[in-house]
Amino acid sequence: GKRVLVAGVADDNGFGWAIAKAFAEAGANVCVATWPPALNIFLNLLERGKLDDSRQMPDGSMLTFERIYPLDAVYDNLESTPADIRENKRYKELGDFTIDGLAARLVADFGEQPLDIVFHSLANGPEVKKPLLEVSRAGYLAASSASAYSLVSMVQRLGPLMRPGGAVCSLTYMASERAIPGYGGGMSSAKAQLESDTRVLAFEAGRKWGVRVNTISAGPYASRAASAIGI
Ligand code: NAD
C-alpha cells in the first residue's frame, strides 16, 4: 500500500485527523507527526482509549498509525535549534524532533524511499488574535516560519524520500486573498506565502523528483486552532 505522512495531528478534532483517517480508509499506511508540546497529551488520549470512537473505521477496524513522530516544523536541524528548546522538558527526551530528524527516522524505519504522500496540516500564529495593524515583527515572522516556511523545508527534506508520482499537499485559507477580520497575526500573509510557494515548489519538485505539490483552501472549521480566534 501507499505510505502517507500527515504532519499536524494532535487530537481527533482537526483536519489532520480526518485526513489521516480518510487515507487509512483508502488502504494507506499512515504515519503522523505531532508538535512536541501536544505529543504527550495526544499519546495519553490514544492510550486511555479516549479517541476510540473517532478511531472507528467503516469496515469495523480501528484507525492505527504506523508511527507517531515528534515534529516541530519550525526547526530544520538540531544544530540550528536554540538550546532552550533542545533542553525544554517537552523536547529533550524526544531525540531529533526537527524536519531533518523526521526525514532520518523515516529512512531508518522504512528505507530510502518511504513515502508516497506528504500532507502538511499545520500552522501557528502566536499573535493570531491581533489585527495586522498591531502585529509585531517577531509575531509575523513566527507565523510565516511555522505556517509557510515549514512547507518549503518539508519539501526540501522529504522530497528526496518520495517515490516518483508522489504528492505533497497542504491546507490554506481564503484570508490569503480577501481581507477576513479576525485572521490576524500575519496568518493571512503566511497563507499567501504558502499559496505562492506551492506554485513554485510544484514547478521545482515536479522536475526534480516527479512529485506534485498542491494546496487546498479549506472552509472555516472549528478546530482547536480556529476556535481560539472564532473563525
Ligand atoms: P489544528 O489545531 O487541529 O491543527 C494544527 C496543528 O498544527 C496542531 O496539531 C498543532 O499542534 C500543529 N502545530 C502547530 N505548530 C507546529 C509546529 N511548529 N510544528 C509542528 N506542528 C505544529 O487546526 P486545523 O484547523 O485542523 O489546522 C490544520 C491546517 O488547516 C492548518 O494549516 C490551518 O491553517 C488550515 N486551515 C484551517 C481552517 C479552519 O477553519 N480550521 C481553514 C482553512 C485552513
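Check the entry above for the structure.
From a predicted model like this one, the values you see are computed outputs, not experimental measurements.

Cut-off values and rules
Residues numbered from 1 in each chain as written. Predicted model: local features only at pLDDT ≥ 70, side-chain atom pairs only at ≥ 80, totals over all residues. Heavy atoms only, no water. Helix = DSSP H or I, 4+ residues; strand = E, 2+ residues; numbered from the N terminus. Rg over C-alpha atoms; globule rule 2.2 N^0.38 Å. Buried < 20%, exposed > 50% of the residue type's maximum accessible area, 1.4 Å probe, protein only. Contact = heavy atoms within 4.5 Å. Areas by Shrake-Rupley, 256 points an atom, 1.4 Å probe, with all protein chains shown as cover. 1 Å grid on protein atoms, 1.4 Å probe; cavity = no way out; pocket = protein on both sides within 12 Å on 5 of 7 lines; lining within 4 Å. Points joined across faces, edges and corners; volume = space filled by probe spheres on them. Nonpolar A, V, L, I, M, F, W, Y, C, P; charged D, E, K, R; others polar. Near = heavy atom within 4 Å. Polar contact = N/O pair within 3.5 Å; in protein donor to acceptor, adjacent residues only side chain to side chain. Salt bridge = Lys/Arg side-chain N within 4 Å of Asp/Glu carboxyl O. Phe/Tyr/Trp six-rings, centres within 6.5 Å; stacked < 30°, edge-to-face > 60°. Lys NZ or Arg CZ within 6 Å of the ring centre and 35° of its normal. Core = buried A, V, L, I, M, F, W, Y, C linked by side-chain atoms within 4.5 Å. Pairing = 2+ DSSP bridges.

1. Quick notes on the overall build of the protein chain
Point 1. Looking only at helices and strands, the protein chain has eight helices and six strands in total.
Point 2. In sequence order, the protein chain lays out its α and β elements as β-α-β-α-α-β-α-α-β-α-β-α-β-α.
Point 3. Relative to a compact globule of 231 residues, whose C-alpha radius of gyration would be 17 Å, the protein chain shows 17 Å and is just as compact.
Point 4. Over its C-alpha atoms, taken along the principal directions, the protein chain stretches across nearly 50 × 45 × 40 Å.
Point 5. Of all 231 residues assigned to the protein chain, the portion counted as buried reaches 47%.
Point 6. Pairs at least 24 apart in sequence give 74% of the contacts found in the protein chain among residues at least 6 apart.
Point 7. By element, 52% of the accessible surface of the protein chain is carried by carbon and sulfur atoms, the whole surface being about 11,500 Å².

2. Remarks on the layout of surface pockets
Point 1. Counted as a void, the second largest pocket has a volume near 160 Å³.
Point 2. Contributing to the lining of the second largest pocket are 16 residues, with Pro-131, Leu-132, Ile-180, Tyr-183 and Gly-184 lying nearest its centre.
Point 3. For the lining of the second largest pocket, the class distribution of residues is eight nonpolar, five polar and three charged.

3. A short note on the site of the ligand
Point 1. The local shell around the ligand holds 26 residues, among which Phe-15, Ala-73, Lys-191, Tyr-221 and Ser-223 are the closest.
Point 2. Note that a nitrogen atom of the ligand is positioned 2.9 Å from one of the side-chain N or O atoms of Asp-72.
Point 3. A distance of 2.8 Å separates an oxygen atom of the ligand from a polar atom in the backbone of Tyr-221.
Point 4. Out of a free accessible area of 810 Å², the ligand has 93% covered by protein chains.
Point 5. Secondary-structure elements contributing two or more residues to the shell around the ligand are strand E5 (162-172) and helix H8 (224-227).

4. What about the pattern of salt bridges?
A pair can form between side chains of opposite charge whenever their charged atoms are brought close.
Point 1. Counting across every chain of the model gives six salt bridges.
Point 2. For Arg-55, the salt bridge identified is with Asp-52, shortest N-O distance 3.2 Å. Of this pair, Arg-55 and Asp-52 both sit in helix H3 (residues 52-55), three residues apart, roughly one helical turn.
Point 3. Given a relative accessible area of 15%, Arg-55 falls into the buried group.

5. Some details on the packing of aromatic side chains
Point 1. All chains considered together, the criterion is met by eight aromatic pairs.
Point 2. On the numbers, 6.4 Å between centres and 40° between planes, the contact of Phe-42 with Phe-65 is tilted. Taken together, the positions of Phe-42 in helix H2 (residues 36-47) and Phe-65 in the loop between H3 and strand E3 (68-70) put the pair 23 residues apart, joining distant regions of the chain. Across the pair, exposure class does not vary: Phe-42 and Phe-65 are buried alike.
Point 3. Note on Tyr-91 and Phe-97: the rings are 4.9 Å apart at their centroids and 75° apart in plane angle, and the pair reads as edge-to-face.
Point 4. Three or more aromatic residues link up through ring pairs in this structure, and these residues are Trp-17, Phe-42 and Phe-65.
Point 5. Geometry around Phe-110 places Arg-3 over its ring, the cationic atom sitting 3.7 Å from the centre.

6. Comments concerning the nonpolar core
Nonpolar side chains in soluble globular proteins tend to be buried together.
Point 1. The biggest cluster of nonpolar side chains holds 27 residues, and the ones touching the most others in it are Leu-5, Leu-71, Leu-106, Leu-158 and Val-168.
Point 2. Sorting the residues of this core by element identifies strand E1 (3-7), strand E2 (29-34), helix H5 (99-110), strand E4 (115-120), helix H6 (137-158), E5 and helix H7 (187-209) as the ones contributing at least two each.
Point 3. No other element matches the five residues that H6 contributes to this core.
Point 4. Membership of the second largest hydrophobic core comes to 20 residues, among which are Val-9, Ala-20, Ala-24 and Val-32.

7. Re the environment of Pro-220
Point 1. The topology assignment puts Pro-220 in the loop between strand E6 (212-217) and H8.
Point 2. Separated by 47 residues in sequence, Pro-220 and Tyr-173 place their C-alpha atoms 8.0 Å apart.

8. Section: the pairing of E4
Point 1. Counting buried residues along E4, six of its six residues qualify, which places the element largely inside the surrounding structure.
Point 2. Pairing analysis gives four bridges linking E1 to E4, with the strands arranged parallel. Each bridged residue has a counterpart across the sheet, and for Ala-7 the counterpart in E4 is His-120.

Honestly, that's just the spatial picture; any functional story needs more than this.
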